[in-house]
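# Structure at a glance
Given next are the chains, with one letter for each unit.
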Amino acid sequence: MGRSPFTLAAAVTAALPGAEVTGARPLTADSDGRFDSAVATLADGRELAIRVAEDDEAGRELAAEALALRALTTGARAMLPFDAPAYIGETRLGDARALVTELLPGFQIEAAHVPSGRGAAESMGTAIAAVHALPTSVVRGAGLLTRTAQESRDEIARLVDTAAATGRVPARLTVRWREAVADDDLWRFESTVVLGGVQSTSFVFRDDPDAGPQVTGVIGWHALSVGDPAVDLSWLSTAPDAADDVHAAYATAIARVPDPALEVRGRLLAELEFARWLVHGDALHRTDIVDDAAALLEALADGLRHDDLSVISARGEGVDSAMDALGRVPASATSGASAVGSTAMETDAYNPDDLWHDEPGDADGRNGDATVGAGDADSTHDLSDAAAEAARRVAVGGIETEDLSAVQGRFSTSGHGNPATAASDDAGSPPADAASSAEDYQDTPEDEAQRAARAALQRWRSSDSE
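Residues numbered from 1 in each chain as written. Predicted model: local features only at pLDDT ≥ 70, side-chain atom pairs only at ≥ 80, totals over all residues. Heavy atoms only, no water.

### Topic: the overall build of the protein
Check the secondary structure of the protein and you find 16 helices and eleven strands. Here the protein holds 466 residues, and the buried ones make up 54% of them. In the structure as shown, the protein presents an accessible area of about 19,000 Å², 49% of it carried by carbon and sulfur atoms. (Helix = DSSP H or I, 4+ residues; strand = E, 2+ residues; numbered from the N terminus. Buried < 20%, exposed > 50% of the residue type's maximum accessible area, 1.4 Å probe, protein only. Areas by Shrake-Rupley, 256 points an atom, 1.4 Å probe, with all protein chains shown as cover.)

In structure tokens:
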């Protein structure tokens with residue numbers, strides 16, 4: 001534990017014989033404490049990420065990551081509109097497994113800070129659709145896990161039963177989830193290639209002066225499999241501003257029969273992460289984890305507005321308060337293809353101040369160290385009713401998405417940023433220049449949406465500098 005970057009960088013030569021390491025620095029992206037990690041700079045200018053597992057579970061994740069990256073052949077990678085880390089090699093550091101991969105340059109955005117409109121949200125939806133469009137032979141040929149719709153349904157049923165058996169799940173949630181499992185309409189979908197639980201930090205961005213942040217890389221491939229596409233969209237419960245635009249971009253890009261229950265299953269899977277956390281703690285006999293998970297489940301149950309245990313399609317405050325806590329459920333709470341694991345591992349942490357310019361004509365335009373570091377009852381619907389309503393919307397022309405004209409009102413003369421994308425508790429208030437900038441423009445809704453993206457990243461930059 002706590003190995004120095006130089007020790008880790010030296011191990012790169014074991015995974016890549018003949019490599020000449022000329023520098024090393026910490027890999028500052030959050031690794032959940034389950035890995036020691038560093039960036040090694042080679043004489044040829046390449047930068048590689050090395051991760052060393054801290055325990056057996058992390059070791060298994062690295063082994064799965066290595067297998068998945070090797071499964072991404074040149075042909076498969078050519079089908080993706082972004083980069084995936086190149087597999088370099090594996091070695092051991094003492095008794096610990098180590099994996100060396102290419103380091104992807106760029107920056108990451110936390111879910112709550114992903115803005116609506118064109119830019120990051122749309123690029124994320126398109127990227128997820130590209131993964132889901134890969135041929136299933138990519139996964140099957142590598143011997144990776146595959147699940148049919150029925151197998152995915154059965155797994156959820158087992159999870160609900162196991163969590164309920166602890167006696168710590170509120171009865172209304174148990175009934176709610178079991179009703180969802182029993183709803184045949186919810187489970188009529190076509191299995192696709194999935195990453196197995198995307199998070200917002202799975203995406204690596206570069207700034208485009210015209211289009212805003214664009215996905216240039218995706219990391220966290222250890223749960224690559226064939227399964228329910230909703231698993232890669234469940235994280236949107238923690239990205240309220242971006243959710244509609246991500247879903248819309250995904251629906252536009254995916255070349256498959258529309259799945260009217262996709263959003264409902266995504267919400268269900270997000271809620272079940274609390275159940276996974278509970279089951280994880282119970283299996284380890286960790287009362288602190290069990291108590292924490294039970295408190296989250298109580299908050300989730302308290303947020304339900306009806307005793308009929310309906311699925312909330314419009315986000316209610318109580319439920320979202322609990323859903324926001326998904327970010328503090330460690331990745332180790334889950335395992336296998338359905339886990340939401342640590343994904344911020346093949347890219348370093350990045351200062352957006354170095355990668356985003358307030359004005360296109362900014363003469364200061366630094367390139368930066370681009371390779372350094374990443375209420376009311378009407379808001380509820382029954383699960384089956386939600387699926388039926390979604391199907392009706394598809395039949396008449398598509399699922400509703402956010403009216404981007406609303407962004408103009410939020411980011412115009414008021415000078416206030418969008419509170420839903422404000423940085424976390426320790427973040428500062430929006431910079432004054434973000435307010436004055438909003439007053440200077442009177443353009444199209446698309447331009448207003450673009451400025452919304454910029455304002456959100458400015459607030460993120462402000463919080464990063466504190």
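So, next bit.
### Section: the sheet that holds strand β3 (residues 47–53)
Within the open sheet, the five strands sit side by side as β1-β2-β3-β5-β4. Their pairing is antiparallel. The sheet is open, and its two edges are formed by β1 (21–26) and β4 (87–93), each paired on a single side. Across this sheet, the average inter-strand angle for adjacent strands is 25 degrees, counted without regard to direction. Here β3 runs beside strand β5 (residues 96–102); their pairing, made up of five bridges, is antiparallel. Within β5, the position partnered with Val-52 by the bridge is Ala-98. Packing against the sheet, helix α3 (residues 56–71) makes contact with β2 (35–42), β3, β4 and β5, and its axis sits at approximately 35 degrees to β5. (Pairing = 2+ DSSP bridges. Axes fitted to C-alpha atoms, helices over the stretch in contact; angles between N-to-C directions. Contact = heavy atoms within 4.5 Å.)

### Comments concerning the nonpolar core
Ranked by size, the top nonpolar core spans 77 residues in total, and within it Phe-82, Trp-177, Phe-203, Trp-221 and Trp-235 carry the most contacts. Broken down by element, this core gets its largest block of residues, nine residues, from helix α10 (residues 262–283). Excluding anything up to four places from it in sequence, Phe-82 contacts Ala-127, Ala-130, Val-131, Val-215, Thr-216, Gly-217, Val-218 and Trp-221. Listed in part, the 18 residues of the second largest apolar core include Ala-9, Ala-38, Ile-50 and Ile-88. (Core = buried A, V, L, I, M, F, W, Y, C linked by side-chain atoms within 4.5 Å.)

### What to know about the environment of Leu-103
Structurally, the position occupied by Leu-103 is in the loop between β5 and α5 (120–132). Note on Leu-103: relative accessible area 6%, which makes it buried. Residues Leu-103 and Ala-49, spaced 54 residues apart in sequence, show a C-alpha to C-alpha distance of 5.3 Å.

### Observations concerning the packing of α5 against helix α9 (residues 243–253)
Across the interface, α5 lies against α9 with an axial gap of 7 Å and an inter-helix angle of 40 degrees. Comparing their axes, α9 and α5 come out oblique. As for how α5 packs across α9, the hand of that crossing is right-handed. Judged by residue contacts, Ala-121, Glu-122, Met-124, Gly-125, Thr-126, Ile-128, Ala-129 and His-132 of α5 engage Asp-245, Val-246, Ala-249, Tyr-250 and Ala-253 from α9. Per-class residue counts for the contact of α5 with α9 are eight nonpolar, three polar and two charged. (Parallel < 35°, antiparallel > 145°, perpendicular 65-115°, else oblique. Left-handed = near helix turned anticlockwise from the far one by under 90°. Nonpolar A, V, L, I, M, F, W, Y, C, P; charged D, E, K, R; others polar.)

### Topic: the packing of helix α8 (residues 171–182) against α10
Put simply, α8 and α10 touch, their axes get as near as 12 Å, and they point 135 degrees apart. Here α10 runs oblique to α8, going by the angle between their axes. Where α8 crosses over α10, the handedness of that crossing is left-handed. The segment α8 lies against α10, with Arg-176, Trp-177 and Ala-180 engaging Leu-268, Glu-271, Leu-272 and Ala-275.

### Points about the environment of Asp-259
Residue position: Asp-259 is located in the loop between α9 and α10. Counting along the chain gives 71 residues from Asp-259 to Arg-188, while the straight-line C-alpha distance between them is 8.0 Å. Among all residues touching Asp-259, those that are not within four sequence positions of it are Arg-188, Phe-189 and Arg-265. In this structure the side chain of Asp-259 is engaged in a polar contact, spanning 2.6 Å, whose partner is the side chain of Arg-265. (Polar contact = N/O pair within 3.5 Å; in protein donor to acceptor, adjacent residues only side chain to side chain.)

### Notes on unusual backbone geometry
Look at His-285: it is not a glycine, yet its phi comes out positive at around 55 degrees. Following the sequence through the fold, His-285 ends up in the loop between α10 and α11 (287–302). Its relative accessible area of 71% is what places His-285 among the exposed residues.

### A short note on the pairing of strand β8 (residues 212–218)
Burial analysis of β8 places five of its seven residues in the buried class, which makes it a mostly covered element. As paired elements, strand β7 (residues 203–208) and β8 share six bridges and run antiparallel to each other. Residue pairing in the sheet places Asp-207 in a bridge with Pro-213 of β8. The antiparallel hairpin formed by β7 and β8 contains three residues in its connecting segment.

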